[in-house]
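Each chain, written out:
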Amino acid sequence: MPILADAHEPVDADEGWSLPAEVISCLKSARFLQLGTSYRDYPHVSLMNYTYIPKGDALPYEEDAVIVMTAERQTKKFFNITVNSRVSILVHDWVSKQTTNNAPQGLTQFLLSMNQAELSSISATLNGRARIVDDEEEERFFKEKHLASNPADARLFIDAENVAVIVVKVSSARIADGDNNIVNWKDPGAESTPQLNNAGPNGASHTNGTL
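Below, the structure is looked at part by part.

Next up on the list: the pattern of salt bridges. Tallying each qualifying case throughout the model produces 8 salt bridges. Between D64 and K55 there is a salt bridge, with its nearest N and O atoms 3.3 Å apart. Using a relative accessible area of 34% as the deciding quantity, one classes K55 as partly exposed. One salt bridge connects R131 with E62, and the closest N-O pair in it is separated by 3.0 Å. Of this pair, R131 sits in strand β7 (residues 122–132) while E62 is found in the loop between β4 (51–53) and β5 (66–72), placing the two residues 69 residues apart along the sequence. Given a relative accessible area of 15%, E62 falls into the buried group. Each of K55, D64 and K169 takes part in one network of salt bridges that share partners.

Structural data, given as structure tokens:
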């Protein structure tokens, strides 16, 4: 069953201050996200623990909803953000399996497959701006929320020495479900990401729209 509107070309969601409900649900349930940063023409992707903080819950530091992550200061992603605050995030709640000769059988396989359709719903590519938190009180505030929403084994990546807090405010999103229905969303007043032409490499066709 499609999760989004029944259309195979991107459609625009209503613009508003809040992310679409499907994206918020995904951010609340997923375990990790992929963070994309870049320096000049060199992109970089990192698998990240994260915490989604709804609108109003990050006051007095942020009024809007934000995504919080941490990174050691000597990492490439930290450096990239200091010189280019634009970031891209991929988050999804799809379940994937790799078949091997040692694949589980019987009851184990049944349990792994149970409710598979319900777990596989959407993926969302989010665009926004990241900032490094410099204020000590603000850093402590976000670290406490980040620690509270992640398992104990994530503490090493959150509360260690020389770890910085990264706060991302999302400005646009592109959401797709398992039936290739696509919805675009953009926060009013936010900058748009580059648009694609109708004809792409090797004659591939694209639909103009904010990505």
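Next up on the list: the pairing of strand β8 (residues 163–177). Of all the 15 residues making up β8, 13 are buried; the element is thus mostly covered by neighbouring parts of the structure. Both β5 and β8 contribute to a ladder of 6 bridges, which runs antiparallel. When the sheet's bridge partners are listed, V68 is paired in β8 with V167. Both β7 and β8 contribute to a ladder of 11 bridges, which runs antiparallel. Looking at β8, one finds that S123 is bridged to A176. When β8 meets strand β9 (residues 182–186), the two strands line up antiparallel, connected through 5 bridges.

A word on the environment of M69. Tracing the backbone through its elements, the reader meets M69 in strand β5. When residues no more than four places from it in sequence are discounted, the contact partners of M69 are L33, L35, M48, N49, Y50, I89, H146, A164, V165, I166 and V168.

Here the idea is plain: a probe the size of a water molecule rolls over the atoms and shows the empty space left. Of the volumes computed, that of the second largest pocket is approximately 220 Å³. Considering the residues around the second largest pocket, the lining is formed by F32, L47, M48, N49, T70, A71, E72, T75, K77, L156 and F157. If you list the elements that add at least two residues to the lining of the second largest pocket, you get β3 (42–48), β5 and α6 (155–158). It is β5 that provides the largest number of residues to the lining of the second largest pocket, a total of 3 residues. Residue classes in the lining of the second largest pocket are distributed as 6 nonpolar, 3 polar and 2 charged.

Reading the values: the criteria
- Residues numbered from 1 in each chain as written.
- Predicted model: local features only at pLDDT ≥ 70, side-chain atom pairs only at ≥ 80, totals over all residues.
- Heavy atoms only, no water.
- Salt bridge = Lys/Arg side-chain N within 4 Å of Asp/Glu carboxyl O.
- Buried < 20%, exposed > 50% of the residue type's maximum accessible area, 1.4 Å probe, protein only.
- Helix = DSSP H or I, 4+ residues; strand = E, 2+ residues; numbered from the N terminus.
- Pairing = 2+ DSSP bridges.
- Contact = heavy atoms within 4.5 Å.
- 1 Å grid on protein atoms, 1.4 Å probe; cavity = no way out; pocket = protein on both sides within 12 Å on 5 of 7 lines; lining within 4 Å.
- Points joined across faces, edges and corners; volume = space filled by probe spheres on them.
- Nonpolar A, V, L, I, M, F, W, Y, C, P; charged D, E, K, R; others polar.

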